[in-house]
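# Geometric and topological summary
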There are 2 protein chains.
Amino acid sequence: MANCTNHVTFVAFKKNTSKRMSPVDYIKDNKQKFLDELFSLLRIPSVSADPKYKDDVFKTADFVKNSLVQAGVDKAEICPTAGYPIVYGEKMIDPSLPTVLVYGHYDVQPADPLELWDSPPFEPVIKNDKIYARGACDDKGQMYMHVKAFETMMKTNTLTCNVKFMIEGEEEVGSENLEIFVKANKKKLEADIILISDTSMISLDTPSITVGLRGLSYLQVEVTGPDRDLHSGVYGGAVGNPINELCKMIASLKDEKNRITIPGFYDKVLDLTNEERKALNDAPFDLDEYKKDLKIAAVSGEDGYTTLERAGIRPTLDVNGIWGGYIGEGAKTVLPSKASAKISMRLVPNQVSDEISELFTKHFESLAPDTVKVKVIPHHGGEPAVTPTDSVAYAAASDAFVEAWGKAPIPTRDGGSIPIVSLFKDELGLDTVLMGFGLDSDAIHSPNEHYGIHNYMKGIETITLFYKHYANRSK
Amino acid sequence: MANCTNHVTFVAFKKNTSKRMSPVDYIKDNKQKFLDELFSLLRIPSVSADPKYKDDVFKTADFVKNSLVQAGVDKAEICPTAGYPIVYGEKMIDPSLPTVLVYGHYDVQPADPLELWDSPPFEPVIKNDKIYARGACDDKGQMYMHVKAFETMMKTNTLTCNVKFMIEGEEEVGSENLEIFVKANKKKLEADIILISDTSMISLDTPSITVGLRGLSYLQVEVTGPDRDLHSGVYGGAVGNPINELCKMIASLKDEKNRITIPGFYDKVLDLTNEERKALNDAPFDLDEYKKDLKIAAVSGEDGYTTLERAGIRPTLDVNGIWGGYIGEGAKTVLPSKASAKISMRLVPNQVSDEISELFTKHFESLAPDTVKVKVIPHHGGEPAVTPTDSVAYAAASDAFVEAWGKAPIPTRDGGSIPIVSLFKDELGLDTVLMGFGLDSDAIHSPNEHYGIHNYMKGIETITLFYKHYANRSK
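Since this is a predicted model, take the numbers as computed values, not measurements. (Residues numbered from 1 in each chain as written. Chains lettered and ligands numbered in written order. Predicted model: local features only at pLDDT ≥ 70, side-chain atom pairs only at ≥ 80, totals over all residues.)

### Details of the overall build of chain A
Counting secondary structure elements, chain A contains 13 helices and 19 strands. Relative to the 2.2 N^0.38 estimate, which gives 23 Å for 475 residues, the radius of gyration of chain A is 24 Å and therefore close to what a compact globule would have. Seen along its three principal axes, the alpha-carbon backbone of chain A occupies a region of about 85 × 50 × 45 Å. Sorting the 475 residues of chain A into buried and exposed places 55% on the buried side. Within chain A, residue pairs in contact and separated by at least 24 positions form 80% of the contacts whose partners lie at least 6 positions apart. (Helix = DSSP H or I, 4+ residues; strand = E, 2+ residues; numbered from the N terminus. Rg over C-alpha atoms; globule rule 2.2 N^0.38 Å. Buried ≥ 20, exposed ≤ 12 C-beta atoms within 10 Å, placed from the backbone. Contact = placed C-beta atoms within 7 Å.)

Here it is in structure tokens:
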């Protein structure tokens, strides 16, 4: 466990001195190669949630390790864990220079519902200058930009920092083994800053850097009524129906103002100041466009907050899946024995995932009438995080965006969760720069996930510029 | 449609004069044959709700027709419909004698959830003197008793009435084509009484005859939020979640007294008199046994009514199936585009199925917030029915039970639905005798459906006795 003696590879790096190409030119010259390699990576269905893809997830780890080797690391390792391995790589050029620890993940979300994909999720295609595939953006596409940015700096002799890579295969299922790995390898992971691309920017015209992330509590509930499915005519009306009861329990989790009713849920929520809320709401946002994009007539959320606030700085509760009874074709008059749901809550500073999971469990169990039995099983969680905007690294990232995109990035609060950001802070004492190049419209976690070729290529360039400015500002 | 020229078979019946055996002896002597034949019938998976069993459903119709021929009918036909065929057979011995029209169905409920069966649903086995298979009781077992009772009377020269058989293949999906058939074949179906075994008796110690049946309205609802599955981190809290909304809508369909909240729902419900309620509650019923059998801590239902009343004379609303979002292994943080449910209501006199479906649809649509779109699709329905207890046929059925079981049967109101009972009354002017031999514990519509061998054999005997007493009392 967290033992990296397995599959250790040392690579003697040969300097490319044949010509002194600029990073921008190298990236331009290698566009097709960068795309081909990403396509090969996207073709491996590394769905960490589904055991049937086990071999593919391991295969993907090998692919990432080999990519690091080919890009020029000194050391590349497959570090086994109790689950899927962590790929570690490093290039130490000078101990006096700053060290950047790159984090990313090679696992992807399940692809279903498959029937809603316009092309097979693991056969990447390009349409309208976008790459369509599961993981195109989240996070294979964004993670691989770092490998290619590193290759670019190596081949053009422009690497200005030491680099470490830590690429995991369990981000989509809770990163449990990463936590163990980080705690056991603090020395190995020593660095000055953590750099992650697993978030989105406001738009192609408005670059942004994520400075806040929500945490997560994910649980599964099971409601059991009678010990077997019953005929709804013979027993209907006289025996508690677990689907009806589950619906009632779920419905009661929010009040008429869309506030979550779990006692104590909001106790630790850190409210933003009016200034902070104003700054947040100053970001370009078009509600009509938002509704049009999702084909909805109205948005919905907690009373008293804007859409940007609801999606960024307020905690949520969503049912992610529900099932029970007869769900086939036609009609079956059954009063089922069981009904289940997957329920997750996004958390904000200073909520604590384990505490919220416990509050949920206690409350949900208390909601059950005596006609049914309830089981609550925690899946996984993660802590919310806020990253500083007054650091050298943030300034360097801002410089990089200005140079590559012609505009200073706007700091934003994202609704998604990258639980390891708070883990890195707690265990390694390191801040993170969240330099994301996705767009909210990329349909990550959805059918037809895609990633703009422009975002991919421009992202590689921006990352090389981060290293340049980070080294300069660190002098 | 409803045109029976296809597959008409005329059979010359040879009288069995070799010996004058009594019906009881014939039944005893042929026990193994009667079981073997039923097993062959049970092996054909005639699931009418699922198109993948189409060929098997047709095959089952052939099986039933051949069984009638072998039992001794003069005429047996496969009558095609727009869906599955109706098997018709008749034996007219004397126009001056009363004619019994036997109704039954050869289709069965879907077998899933398959994993909860202890033995494969379409491979019948005997355990503890019970036959385990889908359809063992509902209705292949109970329907086939009539074929074997008829055979017994033919072989023992004891048939005292004319007999007509009408065995359909769409009872579990709404009997739509039967209605068309009945309307088009009133002459052919002329009779004095309809006899059906598709209900249950109170217990082996307490025979009963069903005199009331509930009706049914079955609908499917679909709630759509955004036009695609979304990342619950990026959009959660800001976009209406169709699962949460569906749960809220379903929860609101009943109030805190478990009364259905659809406006107008109870308007036409015929309340029973205090005497009728008292008689109903006088039936032997052990609430503790009932709860123990279902492994539930408490029953649940409309305030102010007993369990027998809730299951027999009060209308209900049950969710029969629900699905939406990610329902695979592990966790997926999705805010889904759609959520669906199958919802059915059991109706009592004088509620009308189409009216209730319309009230439901109107109300359900009105519940939807403007963040989602709602589609309501009616599946099928049927009318409630009450059959008379002061008729010659009821008295004959009572006589038959007294002779076979040693006890007069108790008239009961069943919670299930056999919609065609009211159709027969309206279209053919005929009353029905519901002579059921199942037990509520037979797990019809559930995994491990079974039927007691004793019920099967004793039922065949009781049916032959019905013919004897009915002819006598009709003189």
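### Structural notes on the relation of the copies chain B and chain A
Applying a rotation about an axis and a shift along it to one chain copy brings it onto the other copy. Taken as rigid bodies, chain B and chain A are interconverted by a rotation of 180° and an axial shift of 0.0 Å, the fit giving an RMSD of 0.1 Å. The transformation relating the two chain copies, once decomposed into turn and shift, fits a two-fold axis. Most of the interface of chain B is mirrored in chain A, where 100% of its interface residues again form contacts. (Least-squares fit on C-alpha atoms with pLDDT ≥ 70 in both.)

### Regarding the sheet that holds strand S6 (residues 130-132) of chain B
Residues and elements named next belong to chain B. Read across the sheet, three strands follow the order S5-S6-S19 without closing on themselves; strand pairing throughout is antiparallel. The outermost strands of the open sheet, each flanked by one partner alone, are strand S5 (125-127) and strand S19 (450-452). Averaged over all pairs of adjacent strands, the angle between strand axes in this sheet comes to 30°, irrespective of strand direction. Examined bridge by bridge, S5 and S6 share three bridges and lie antiparallel to one another. Within S6, the position partnered with Ile126 by the bridge is Ile131. Its contacts with the sheet place helix H13 (residues 453-474) against S5, S6 and S19, and it is angled at close to 60° to S19. (Pairing = 2+ DSSP bridges. Axes fitted to C-alpha atoms, helices over the stretch in contact; angles between N-to-C directions.)

### So, unusual backbone geometry
For the bond from Asp112(A) to Pro113(A), the omega torsion is 5°, close enough to zero to count as cis. The residue Pro113(A) is located in the loop between strand S4 (99-105) and strand S5 (125-127) in this model. A cis amide bond links Asp138(A) to the next residue, Asp139(A), at an omega of -5°. At His445(B), a residue that is not glycine, the phi angle is positive and equals roughly 70°. For His445(B), the position within the fold is in the loop between strand S18 (432-434) and S19.

### Comments concerning the domain arrangement of chain A
Often, the extent of an interface is quoted as the loss of accessible area on bringing the components together. Residues and elements named next belong to chain A. Domain assignment breaks chain A into domain 1 (9-213 + 384-474) and domain 2 (215-269 + 315-380). Here the C-alpha centroids of domain 1 and domain 2 sit 36 Å apart. Listed by partner, the interface residues are eight residues for domain 1 and nine residues for domain 2. Classifying every residue of the side of domain 1 that touches domain 2 gives four nonpolar, three polar and one charged. (Domains from an automatic or database assignment. Nonpolar A, V, L, I, M, F, W, Y, C, P; charged D, E, K, R; others polar.)

### Topic: the interface of chain B and chain A
With 82 residues of chain B at the interface, the matching set in chain A holds 82 residues. Listing elements by their share of the side of chain B that touches chain A, those giving two or more residues are strand S11 (230-231), helix H6 (242-251), helix H9 (307-312), strand S12 (318-325), strand S13 (334-335), strand S14 (338-347) and strand S15 (373-382) of chain B. Among the elements that line the side of chain B that touches chain A, the one with the most residues is S12(B), at eight residues. Among the residues making up the side of chain B that touches chain A, the classes are represented as 34 nonpolar, 30 polar and 18 charged.

### Let's talk about the environment of Ser252(B)
Residue and element names in this part refer to chain B. Residue position: Ser252 is located in the loop between H6 and helix H7 (274-281). Judged by C-beta crowding, with 15 C-beta atoms within 10 Å, Ser252 ranks as partly exposed. Remark: the alpha-carbon pair of Ser252 and Asp129, spanning 123 residues in sequence, is separated by 45 Å. When neighbours within four sequence positions are excluded, Ser252 is seen to be in contact with Thr261 and Leu367.

### With respect to helix H5 (residues 176-184) of chain B
All names here are of chain B. For H5, the set of buried residues is Asn177, Leu178, Phe181 and Val182. Viewed along the axis of H5, the buried residues span an arc of 140°, placing them on a single side of the element. Check the buried side of H5 and you find it contacts strand S2 (75-79), strand S3 (86-91), strand S7 (162-168) and helix H12 (420-428). (Arc of directions from axis to C-beta.)

### A few points about the nonpolar core
Grouped together as the largest cluster of nonpolar side chains are 260 residues, with contacts concentrated most on Val100(A), Ala397(A), Phe466(A), Val100(B), Ala397(B) and Phe466(B). Contacts of Ala397(A), omitting those with residues within four sequence positions, involve Ile209(A), Val433(A), Met435(A) and Phe466(A). (Core = buried A, V, L, I, M, F, W, Y, C linked by C-beta atoms within 7 Å.)

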